[in-house]
Amino acid sequence: MTVDVILPCLNEEAALGWVLGRMPAGYRPVVVDNGSTDRSAEVARELGAHVVHEPRRGFGAACHAGLLAATADVVCFMDADASLDPRQLPAVVAPVTGGHADLVLGARRPRTVGVWPWHARLGNAVLARILRRRTGAPLHDLGPMRAAGRERLLALGLADRRFGYPCEMVLRAAAAGWRITETEVDYLPRTGRSKVTGTVRGTLQAVSDMRRVMAELG
């Protein structure tokens, strides 16, 4: 069985070697270059990844471009900055392929001190609490590593193209009656500076996008 792994990418040249080198057998990396100014796209292609170019900036835009380019029955999403270990993808995929869940999120567990800044962890905890109340799903993290069926994801009609995309996915999946769960994954020191959690401003923008999506989907 082949699983497509969608990797939104913006200037991750330094991390891609480690990420793509740890991709499990049967997991095909789909690197979505979202306007990188370094050699991310070239490096990904040289390392055997399928490269998609999405000129419209936005985390959701990159994720959805990867989803549209994927062909496998099951797809995963994960960050390309080496903060998540691709070798843990099978544990996230297993409940989906085993028929026990429809959407699985990797709940991040920091493995070193300081890997998850306080402002990002606080914002994530607040949003996860809101999602638990609204969906009934036992979620404690809006994990960037996740797995689901490709055709069913496309049928959700995800519309956000910013940081609200992961939140919209959970809300629409819950409204459609999906079984949603999470499994623990390691959270590692990223390569380079995060575009989101690395700054208070980036975190506030992501939280704002997600709260907007929550309000829109009421």
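Our structure is the block above this text.
Residues numbered from 1 in each chain as written. Predicted model: local features only at pLDDT ≥ 70, side-chain atom pairs only at ≥ 80, totals over all residues. Heavy atoms only, no water.

Novice: So what about the packing of helix α5 (residues 118-135) against helix α7 (residues 165-175)? Which residues, and what values?
Specialist: One way to put it is that α5 packs onto α7 with a least axis distance of 10 Å and a crossing angle of 15 degrees. In terms of orientation, α5 lies roughly parallel with respect to α7. Of the two elements, α5 crosses α7, and the hand of that crossing is right-handed. Counted together, L131, R134 and T135 of α5 and C167, V170, L171 and A174 of α7 form the full contact between these two elements. A breakdown of the residues in the contact of α5 with α7 according to their chemical character gives 5 nonpolar, 1 polar and 1 charged. (Axes fitted to C-alpha atoms, helices over the stretch in contact; angles between N-to-C directions. Helix = DSSP H or I, 4+ residues; strand = E, 2+ residues; numbered from the N terminus. Parallel < 35°, antiparallel > 145°, perpendicular 65-115°, else oblique. Left-handed = near helix turned anticlockwise from the far one by under 90°. Contact = heavy atoms within 4.5 Å. Nonpolar A, V, L, I, M, F, W, Y, C, P; charged D, E, K, R; others polar.)

Novice: Which residues make up the pattern of salt bridges, and what are the values?
Specialist: In this structure the tally under the stated criterion is 14 salt bridges. The partner of E184 in a salt bridge is R109, and the shortest N-O contact between them spans 3.2 Å. Here E184, found in strand β7 (residues 180-187), pairs with R109, found in strand β5 (residues 103-110); they are 75 residues apart in sequence, far enough to count as distant. Where salt bridges share partners, they join D160, R162, D209, R212 and E216 into one cluster. (Salt bridge = Lys/Arg side-chain N within 4 Å of Asp/Glu carboxyl O.)

Novice: Go over unusual backbone geometry, please, and point to the residues and values.
Specialist: Non-glycine residue N11 carries a positive phi angle of around 60 degrees. Within the secondary structure, N11 is located in the loop between β1 (3-9) and α1 (13-21).

Novice: So, α1: which residues are in play, and what are the values?
Specialist: Restricting attention to buried positions, one finds in α1 the residues A15, L16, V19 and L20. Axial view of α1: buried residues confined to an arc of 120 degrees, hence all on one face. Along α1, exposed side chains directed more than 90 degrees from the buried face belong to A14 and G21. Elements that come into contact with the buried residues of α1 comprise β1, β2 (27-33) and α2 (40-46). (Buried < 20%, exposed > 50% of the residue type's maximum accessible area, 1.4 Å probe, protein only. Arc of directions from axis to C-beta.)

Novice: Explain the side chain of R108 to me, using residue names and the numbers behind them.
Specialist: Tracing the chain through its elements places R108 in strand β5. One polar contact links R108 to N124, side chain to side chain, over a distance of 3.4 Å. (Polar contact = N/O pair within 3.5 Å; in protein donor to acceptor, adjacent residues only side chain to side chain.)

Novice: Just give me the short version of helix α4 (residues 89-97), but keep the residues and values in it.
Specialist: Considered for burial, the residues of α4 that qualify are L89, V92, V93, P95 and V96. The buried side chains of α4 occupy one side of the element, clustering within an arc of 155 degrees when seen end-on. Where α4 is buried, its residues touch β1, β2, β4 (74-77), β5, β6 (146-149) and β7. Positive phi appears at G99, one or two residues downstream of α4, with a value of about 80 degrees.

Novice: Account for the packing of aromatic side chains, with residues named and values stated.
Specialist: In total, this model carries 3 aromatic pairs according to the counting rule given. Aromatic pair F59 and F163: ring centres 6.3 Å apart, planes at 25 degrees, arrangement stacked. Here the residue F59 occupies a position in helix α3 (residues 59-69), and F163 occupies one in the loop between α6 (150-155) and α7, the gap between them amounting to 104 residues. (Phe/Tyr/Trp six-rings, centres within 6.5 Å; stacked < 30°, edge-to-face > 60°.)

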